[in-house]
Each structure stands twice: as C-alpha cells, then as structure tokens.
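# Commentary on secondary and tertiary structure
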Amino acid sequence: MTLPSPRMDKSAVAKFVTNKMCPYAQKAWIALEASDTKYSMTEVSLYGNGGKPAWFMKLNPAGTVPILVCDSDNVYPDSELILDYIRDNTALHSSAVDNHNVDEKKVQLWRDVLSQKIIPIGKKAVLGGSANQLFDLLQHLDDNVEGPYLCGNTITVADCAVFPFIWRINDEFGLQDGSKLKTWLELCMDTSCFKKTIQRSWWWWW
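Below is a short write-up of the structure. (Residues numbered from 1 in each chain as written. Predicted model: local features only at pLDDT ≥ 70, side-chain atom pairs only at ≥ 80, totals over all residues. Heavy atoms only, no water.)

### Considerations on the packing of helix α3 (residues 79-89) against helix α4 (residues 104-126)
The criterion, for reference: Axis definition: a line fitted to C-alpha atoms, limited for helices to the stretch in contact. Angles are taken between N-to-C directions and run from 0 to 180 degrees. Helix and strand definitions here come from DSSP, where helices need a minimum of 4 consecutive H or I residues and strands a minimum of 2 consecutive E residues; each element is numbered from the N-terminal end. Between 65 and 115 degrees an angle is taken as roughly perpendicular, under 35 as roughly parallel, over 145 as roughly antiparallel, and anywhere else as oblique. The crossing is said to be left-handed when, going from far helix to near helix, the turn is anticlockwise and less than a right angle, and right-handed when the turn is clockwise. In this analysis, two residues are considered to be in contact whenever any of their non-hydrogen atoms come within 4.5 Å of each other. Put simply, Ala, Val, Leu, Ile, Met, Phe, Trp, Tyr, Cys and Pro go in the nonpolar bin, Asp, Glu, Lys and Arg in the charged bin, and everything else, Gly too, in the polar bin.
Running from amino to carboxyl end, α3 crosses α4 at an angle of 165 degrees, the nearest separation of the two axes being 13 Å. Comparing their axes, α4 and α3 come out roughly antiparallel. Crossing geometry of α3 relative to α4 is assigned as right-handed. Contacts between α3 and α4 involve Glu 80, Leu 83, Asp 84 and Arg 87 from the former and Glu 104, Gln 108 and Arg 111 from the latter. Looking at the contact of α3 with α4, its residues break down into one nonpolar, one polar and five charged.

In structure tokens form, the structure reads like this:
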C-alpha cells in the first residue's frame, strides 16, 4: 500500500511527518503542541512491507522521522532542527510572563546532556549493561532541575527534548520518589502538550 503525499490542512501552517512511537519524533511533537503551532500531521510506517513512500524519501533521503515542512518548501528533517525552528520562530520561549528569565544556556545544556549522556548511557543500561552509571547520572541531573520545569517556571524546548527519554527510563527502571526529576516528569505527564503524545506502544531510541 502506498501512502499518499500529505496535504496541508487549510488552517495549518506546517506539515509534520512522524511516527508516534519514536521518541525523537515525540520531542518535536511536544514542542509543536507547547508552542501552539498550527500543523497537520501525517504518520508513516518506518518498517514492514511496501517500504517508505517516495514522497517521504524525497523530503528526507535518510528515511527518518520527524520532518517538519513550513511555507511549502522549508524542510526540517531532524528533531533538533525542528526544536531550533520552534525556539526561534514561535512564542514558546517568549510568551511566558517571566520570559526574560529563560536562560538559553541552560536550555542548551539540557539538550547537550540528552544527546551526550542520557541517550547513550540509557541505551547501555537497557541493553543489559550496568544500570549504576544511569542511576548516577539521574542523581546528577536531579541537582540541575530548576523547578517546576527543567529551566524554571516555563516550558522550554529542553523539557520537550528530554521528556520522551526520561519517560521511557522511568517506565523501565523507575525514578526515585520525591526526586525533583520525578516531580518534573509527573508535572509534564499531567500537562496537555506532553500528555497528548504519550503512547501505549512505543520504541526505544535505537
């Protein structure tokens, strides 16, 4: 079966191509919701018979999700590129009452920690390596949670980026009760832009 090329809803300003089980796609999805970006969603199957549709491979020859298409021809074929676009072109970081207190350096630090530490150390723990390194990392990260969100009083792209991975780690290992990281996770799980993206069936990040 060949999936048709996505058509943008008349009320939408962006096309979001995704698979809801992918954590990388999930972080972009959260950011779209948190920023109140108008978008239409097309979900593609990345595995199974028939392969990936030609229009999808044209948008991103690497064959990965997510992809965001804006203004018909501006294509962002990577979750980090999408987060950058949302940070720079929406009100997510500027709509809060205390927006002048959003520390972009702290936001970037969390994004770096995700890619350089949480993702590789979490993968190692899940695949049968020692979980001690992961638990040490989580304890260290706990000290860096500003509260109530990762970087302070408002949602930033840092929260959007980190949530899918910490949510999976909590589901597998459990976060320490009473920790700032678990308090943050529970707050996010009860916040609509995060809650909407949580799936019963989901993938890890490899």
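### A short note on helix α1 (residues 23-34)
Counted only if it meets this: Expected helix span is taken as 1.5 Å per residue step, with the number of steps being one fewer than the number of residues. Relative accessibility under 20% of the residue-type maximum defines a buried residue, over 50% an exposed one, and the middle range a partly exposed one, all with a 1.4 Å probe and only protein chains included.
Taking 1.5 Å per residue, 12 residues should reach 16 Å; α1 reaches 16 Å between its end C-alpha atoms and fits that length. When you tally the buried positions in α1, you get 11 out of 12 residues, the bulk of the element. When we look at burial in α1, the residues that qualify are Pro 23, Ala 25, Gln 26, Lys 27, Ala 28, Trp 29, Ile 30, Ala 31, Leu 32, Glu 33 and Ala 34. Just downstream of α1 lies Asp 36, where phi reads positive at about 60 degrees.

### What to know about the pairing of strand β1 (residues 14-18)
As a reminder of what qualifies: Whether two strands pair comes down to DSSP finding at least two bridges between them. Seen with its strands pointing away from the viewer, a crossover is right-handed if its path from the first strand over the helix to the second goes clockwise.
Most of β1 sits out of view: five of its five residues are buried. Of the two faces of β1, both are covered, the one formed by Ala 14, Phe 16 and Thr 18 as well as the one formed by Lys 15 and Val 17. Here β1 pairs with strand β2 (residues 39-43) via five bridges, running parallel. Opposite Phe 16, over in β2, you have Met 41 as the bridge partner. Regarding topology, α1 serves as the crossover connection from β1 to the parallel β2, and that connection is right-handed. Direction of pairing for β1 relative to strand β3 (residues 67-70): antiparallel, over a ladder of four bridges.

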